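What follows is the residue order along each chain.
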Amino acid sequence: MIDHLPMILIAFFGMIASFLITPLIINYMRSIGKVGIDVHKKERPEIAESGGIGFMFIFIVIIGIGIIIAPSTAVRGKLILSLVILTVVTLIGLYDDFRGLSAKMKPLLLLIAAFPVYVFRQFNGVDIAVPRPVLPFVGAAQLTIVYWALAIFVISIPANASNMMDTMNGLMSGSSIIILLTAFLASFIMPINGSVFTEGSMYFIRFMSLAMIAVLIGFWWYNRYPATVFAGDTGSLGVGATIGLIAIYGQIEFVMVVALLVHIMNSFSIISSLGGLQERHEMKERPVRVEDGVIYPSKKEEAPITLIRLLVAREPTTEDQVIRQILGLVIYSCLLALLSAYIIRLEVLRA
Amino acid sequence: MKKFNIPFLFVLTGVWLILLALCALIGYLIVPVDPSINSQLLRLIISAGKVGLSLTAILIWLYGWYRTMDILLKFEFYLSEEANSTND
């Protein structure tokens, strides 16, 4: 039986801490001149950057507490590895925010950050990464070789997808809250039968998703439209990596892929239209232009095809309307993810 | 402003259905090798063939998804621009 009270209390204090620490980060970033222009606003205001440092620090502390109160060896092992990986990812994000990384170096470093998932498959003799993805119509699939071949992207793909979605006020934080809530709800749909889904996997999903939702809500309050802080790569990469870890250690890979469909759609269209990975400042053409607070699509062929460009191409509109539309699409993909979780449940119960 | 973006909902549903179909295919491929086959070599070839087929199916899906998304999104963008130019 999973005891939810400690994780709810920890998450609550995490939310308060995130809510209190973010203004301090904003003041600090402003004092050192770490600000960026909000290009989607008519006034082009200067906004504090790298606000993700605050909530990622609190989240890592929460994982530390989680290691102490972990109910089993398997959960403790998963949390220790998550702590290590997320610390590395946060440091990569920090370096990128302050020194800058090339568009190719960033995903490469994120691939390396996933190495502990490979190296430490067991903790004190207990399996912590099970190479048996649970799929609809299949159940727990025996795809060991294919699984490990694809698992190397477990950090890189969601982290980059989350990073590419962090283009408008509260979009990355808001959409991630919805996706993590989906993971949390999916853990109640999956049947705990001991053979496919264990209590440890479900505890891990609930602890990690609840804690990240809480710290993100504290941050989202300042990041929502009109934003006073940007998450920076520290925040967006960290949140994406957390979603990846929940997917692999919670054995809900398929559910999380479906929940992330909008993010992946956005990333794939950008990468394919640019013919590879590029940093924002390397792009020859911006995907959109702003006139009097209204966002218009770029008509230039060489501009990247982003989800925002596609949405405003249909009807030029304001930033808050675009944000609502994208969040609506994320909610839809998350409903499909929950439906997928229910199909998986039927398969597991049938087997 | 439209409340629901139907083409994007259609694309999302389409990609989700393709994912489910891929799972059904993998489910068909991972049926255990018939233990009554006496030849060890034949069993090994069948097992390796299944792994190879699963891997190929996933790679085709990844590439197909990449290309399909690209084409669909470009087509959507083209249609939108056409609509905008008609309104002008």
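Note on numbering: residues in each chain are counted from 1, in written sequence order. Following the order in which they are written, the chains are lettered starting with A and the ligands numbered starting with 1. Reporting in this predicted model follows two pLDDT cut-offs: at least 70 for local features of residues, and 80 or more for side-chain atom pairs to be given and counted; totals over whole chains, interfaces and linings ignore these cut-offs and use all residues. In computing side-chain properties, one takes all heavy atoms of the structure into account and sets aside hydrogens as well as water.

Peer 1: Looking at this structure, how should I read the overall build of chain A?
Peer 2: Helix and strand labels come from DSSP, where a helix needs a run of H or I of at least four residues and a strand needs a run of E of at least two; each type is numbered from the N terminus. Each helix and strand counted, chain A has 14 helices and nine strands in total. Projected onto its principal axes, the C-alpha positions of chain A cover 60 × 40 × 30 Å. Burial classes follow relative accessibility: with a 1.4 Å probe on protein chains only, a residue under 20% of its type's maximum area counts as buried, one over 50% as exposed, and anything between as partly exposed. Among the 351 residues that make up chain A, the fraction classed as buried is 60%. Sequence-distant contacts, at least 24 apart, represent 74% of the contacts inside chain A between residues at least 6 apart. Note on contacts: a residue pair is in contact if any heavy atoms of the two residues lie within 4.5 Å.

Peer 1: I'm lost on the packing of helix α3 (residues 73-98) of chain A against helix α9 (residues 199-223) of chain A in this one. Help?
Peer 2: Axis angle and axis distance: for two packed helices, these are the angle between their axes and the distance between the axes, and together they describe the pair. Residues and elements named next belong to chain A. Packing of α3 against α9 brings their axes to within 9 Å, and their N-to-C directions diverge by 40°. Judged on the interaxial angle alone, α9 and α3 are oblique. Helix-helix and strand crossings are classified by hand; for α3 and α9 the assignment is right-handed. From α3, Val75, Lys78, Leu79, Ser82 and Leu86 reach across to α9, where they touch Gly200, Ser201, Tyr203, Phe204, Phe207 and Met208. As a rule, the C-alpha atoms of each element are fitted with a line to give its axis, helices using only the stretch in contact, and angles between N-to-C directions run from 0 to 180 degrees. Every angle not falling under 35 degrees, over 145, or within 65 to 115 is termed oblique; those three ranges are roughly parallel, roughly antiparallel and roughly perpendicular. In this scheme the crossing of two helices becomes right-handed for a clockwise turn of the near helix relative to the far one and left-handed for an anticlockwise turn of less than a right angle.

Peer 1: What is the right way to read the pairing of strand β7 (residues 288-291) of chain A from this model?
Peer 2: Two faces make up the sheet, and in a regular strand the side chains alternate between them. Residues and elements named next belong to chain A. Strand pairing is assigned whenever DSSP detects at least two bridges linking the two strands. Two strands pair when backbone bridges link them, and β7 and strand β8 (residues 294-297) are joined in this way by four bridges, in the antiparallel orientation. Note that in β8 the partner of valine 288 across the bridge is proline 297. What sits between β7 and β8 in their antiparallel hairpin is a turn of two residues, with aspartate 292 showing a positive phi close to 55°.

Peer 1: Explanation requested: the pattern of salt bridges in the structure shown.
Peer 2: A side chain with one charge can pair with a side chain of the opposite charge if their charged atoms come near. Residue and element names in this part refer to chain A. We count a salt bridge whenever a side-chain nitrogen from Lys or Arg sits within 4 Å of a carboxyl oxygen from Asp or Glu. Scanning all chains against the criterion turns up seven salt bridges over all chains. When the shortest N-O distance is used, the salt bridge between aspartate 38 and lysine 41 registers 2.6 Å. Judged by relative accessible area, lysine 41 falls into the buried class, the value being 10%. Glutamate 347 is the salt-bridge partner of arginine 350, the closest N and O atoms lying 2.8 Å from each other. Within this pair, arginine 350 and its partner glutamate 347 are both found in helix α14 (residues 319-350), separated by three residues, close to a single helical turn. One connected set of salt bridges, linked through shared partners, spans Asp38, Lys41 and Glu319.

Peer 1: Before we go on, may I ask you to explain helix α2 (residues 52-69) of chain A in this structure?
Peer 2: What sets the pattern is the α-helix's 3.6 residues per turn: residues three or four places apart point alike. Here the expected span of a helix is defined as 1.5 Å times the quantity of residues minus one. Here α2(A) is 18 residues long and its end C-alpha atoms lie 26 Å apart, about the 26 Å a rise of 1.5 Å per residue gives. For α2(A), the set of buried residues is Gly52(A), Gly54(A), Phe55(A), Met56(A), Ile58(A), Phe59(A), Ile60(A), Ile62(A), Ile63(A), Gly66(A) and Ile67(A).

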